[in-house]
Every structure is written in structure tokens, then in C-alpha cells.
Amino acid sequence: MDLPWGNEKTIMFITNVGLITSKGIYGDNIMAAEWTHHVSYSPGLIAVCLGLNRATLQNINSSKEFGVNLTATDQNILASVAGGSTGKEIDKVKVLKELGFKFYKAKKINTLMVKDAALNLECKLVKQIELGDHMMLVGEVINAELGKGKEPLAYHRLKYWKLDKNIEKPSEKELERIKNIVQENKK
Ligand SMILES: Cc1cc2nc3c(=O)[nH]c(=O)nc-3n(C[C@H](O)[C@H](O)[C@H](O)COP(=O)(O)O)c2cc1C
């Protein structure tokens, strides 16, 4: 069956919004990708899933490298602009600079990175897998920097969210009861 964009089931996921920066045949470009995942600790690998017609995909196909910048809670406009048009037609980096957002040159790849993002990862492409209507690109992280005092934006039900309510842990008594039940069900 299909799980189309915007469908009531599709929108139940909670995701990050990765800002994928690239440089290639469409020049410097940026797109928003909620399908941005950490998939290995050692080495650190990140997977991003891109629609087959994305300018970003063609850029990365030629350069074999890309930036993953996790959108911070005060960068929702940046995410909307990056996801609202294609680098085949619009110079989104220039638009964002005009709007006051800042970029810096990556240290280990030839790509711009988003300043003040929650996390900046410089990646070298190591694998590419076509999955349904998207291409999964797996990048090995070769440089990682945390945004000072920044928190990542969450995406859910087609809206941006800020995570600021932590669910409290059960009481010690309840934790003990759970532990005992787990122990009683050893295989
Ligand atoms: C919040 C948000 C999340 C998005 N997530 C993805 C995604 O995971 N994969 C994808 O291919 N497109 C995603 N998009 C759509 C692309 O960002 C959009 O098609 C963009 O125009 C592609 O830019 P490009 O052609 O310059 O690469 C998302 C858009 C928004 C606003």
C-alpha cells in the first residue's frame, strides 16, 4: 500500500528537519529533509532520503559530499524557505542570506554549512540506495560541531514543534515492580 505525503498516518512520525547543503551543478544549494537519521555509531553514518527530482540529489551525485545541519528551534523560516522551492530555479542560499541567515564554509568538504544550527555534520557519500520514490544517501561524518545553546526543531503533523516538556520517570516503587516483572519473564 501507499503512505502518501500529508496522509493522516504518515504525519504521525516525529522527525528532525535536516538542512542538507550541497554544491554541484546547481551551485550552492540547501533543502529541508525530515528524513534525516543517524544510522551507525562507529563509524558515524547519517542517512537522508531525497526525492528523485531534487536538485540536491544531482549536486551530491557530482560532488559525493554534503552537509547535514539540524534546524534549530529559531530557524523554522529557514527550513520553510529551504523546502519551499528548488535550487534548479531559485538561489535559496542567496534568499536566505538576504533574510539574515548566515552560512560558513565547511572545514573538510567544499560545501556551505548553516550557522547557528543545532548540529552541523560534514559528510562524505558512502552509499546510495534507491528505495521506492526516494534515494537514500548514506554519508560518513568526517566533522561534527554542536550549535552553542541550540535545540533541534521537531516536525510532526506538518508543523514545527519545540520539545520542552519532559515526561517524568515512574516512581522508584513502580520502577522496582517493572524490574521484577522483567526478571520473572527471563527466557
Ligand atoms: C519540513 C520539510 C521537510 C521535508 N523533508 C523532505 C525529505 O525528507 N525528503 C525530500 O526529498 N524532500 C523533503 N522536503 C521537500 C524538499 O525540501 C523540497 O522538495 C525542496 O524544494 C527540494 O529542494 P532542491 O530541489 O533544491 O533539492 C521537505 C520540505 C519541508 C518543508
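Refer to the preceding data block for the structure.
Here goes a summary of the coordinates provided. (Residues numbered from 1 in each chain as written. Predicted model: local features only at pLDDT ≥ 70, side-chain atom pairs only at ≥ 80, totals over all residues. Heavy atoms only, no water.)

## Notes on the overall build of the chain
Next, step 1: When helices and strands are tallied, the chain shows four helices and 12 strands.
Next, step 2: Its C-alpha atoms put the chain at 60 × 35 × 35 Å along the principal axes.
Next, step 3: A total of 187 residues make up the chain; the buried ones form 37% of that total.
Next, step 4: Contacts spanning at least 24 positions in sequence make up 63% of the contacts within the chain whose residues lie at least 6 apart.
Next, step 5: Accessible surface computed for the chain: about 12,000 Å², of which carbon and sulfur atoms make up 54%. (Helix = DSSP H or I, 4+ residues; strand = E, 2+ residues; numbered from the N terminus. Buried < 20%, exposed > 50% of the residue type's maximum accessible area, 1.4 Å probe, protein only. Contact = heavy atoms within 4.5 Å. Areas by Shrake-Rupley, 256 points an atom, 1.4 Å probe, with all protein chains shown as cover.)

## Notes on the side chain of Asn69
Next, step 1: Among the secondary structure elements, Asn69 is positioned in strand E6 (residues 65–70).
Next, step 2: The class of Asn69 is buried, set by a relative accessible area of 0%.
Next, step 3: A distance of 3.3 Å separates the side chain of Asn69 from the side chain of Thr21, its partner in a polar contact.
Next, step 4: Dropping the residues within four chain positions of it, Asn69 is found in contact with Val17, Gly18, Leu19, Thr21, Met113, Val114, Ala117, Leu119 and Asn120. (Polar contact = N/O pair within 3.5 Å; in protein donor to acceptor, adjacent residues only side chain to side chain.)

## Notes on the site of the ligand
Next, step 1: In the vicinity of the ligand lie 21 residues, with Gly51, Thr56, Ser85, Thr86 and Gly87 positioned nearest.
Next, step 2: Backbone polar atom of Cys49 to a nitrogen atom of the ligand: 2.9 Å apart, as the coordinates give it.
Next, step 3: Ala55 is positioned such that a nitrogen or oxygen atom in its backbone is 2.9 Å from an oxygen atom of the ligand.
Next, step 4: Elements that contribute at least two residues to the shell around the ligand include exactly strand E3 (27–33), strand E5 (45–51), helix H1 (55–63) and helix H2 (76–84).
Next, step 5: Take the shell around the ligand: its biggest share by element is four residues, from E3.
Next, step 6: Here the shell around the ligand is built from residues that sort into 10 nonpolar, eight polar and three charged. (Near = heavy atom within 4 Å. Nonpolar A, V, L, I, M, F, W, Y, C, P; charged D, E, K, R; others polar.)

## Some remarks on the packing of aromatic side chains
Next, step 1: What the rule picks out here adds up to one aromatic pair.
Next, step 2: Here the aromatic rings of Tyr155 and Tyr160 are separated by 5.5 Å at their centres, their planes lie at 45°, and the arrangement is tilted.
Next, step 3: Judged by its relative accessible area of 17%, Tyr155 is buried.
Next, step 4: Using a relative accessible area of 31% as the deciding quantity, one classes Tyr160 as partly exposed. (Phe/Tyr/Trp six-rings, centres within 6.5 Å; stacked < 30°, edge-to-face > 60°.)

## With respect to a nonpolar patch on the surface
Next, step 1: Residues Ile77, Ile90, Val95 and Leu99 make up a contiguous nonpolar surface patch of about 330 Å² in total accessible area.
Next, step 2: With respect to the helices and strands, the residue Val95 is situated in helix H3 (residues 92–98).
Next, step 3: Taking the relative accessible area as the measure of exposure, Val95 reaches 31% and is therefore partly exposed. (Patch = residues over 30% accessible without salt bridge, like charges linked within 9 Å, V, L, I, M, F, W, Y side chains within 5 Å. Salt bridge = Lys/Arg side-chain N within 4 Å of Asp/Glu carboxyl O.)

## Quick look at the sheet that holds strand E11 (residues 154–156)
Strand pairing in a sheet relies on backbone hydrogen bonds, with the paired strands running either antiparallel or parallel.
Next, step 1: What the three strands build is an open sheet, ordered E1-E11-E12; its pairing is antiparallel. Looking at which strands have only one partner, the edges of the open sheet turn out to be strand E1 (15–16) and strand E12 (159–161).
Next, step 2: In terms of strand pairing, E1 meets E11 through two bridges, oriented antiparallel. Paired with Asn16 across the bridge in E11 is Ala154. (Pairing = 2+ DSSP bridges.)

## Considering the pattern of salt bridges
Next, step 1: Applying the stated criterion to the full structure yields seven salt bridges.
Next, step 2: Put simply, Arg177 and Glu174 hold a salt bridge, and the shortest N to O gap is 3.1 Å. Of the two residues, Arg177 and Glu174 both sit in helix H4 (residues 172–184), three residues apart, roughly one turn of that helix.
Next, step 3: A relative accessible area of 47% places Arg177 in the partly exposed class.
Next, step 4: Note on Glu174: relative accessible area 30%, which makes it partly exposed.

## Notes on H1
For an α-helix the count is 3.6 residues per turn, leaving residues at separations of three or four pointing the same way.
Next, step 1: Looking at H1, one finds that the buried residues are Ala55, Thr56, Leu57, Asn59 and Ile60.
Next, step 2: For H1, the elements touching its buried residues are strand E2 (18–24), E3, E5, E6, strand E9 (119–131) and strand E10 (134–146).
Next, step 3: Among the residues trailing H1, Lys64 stands out with phi positive, at a value near 60°.

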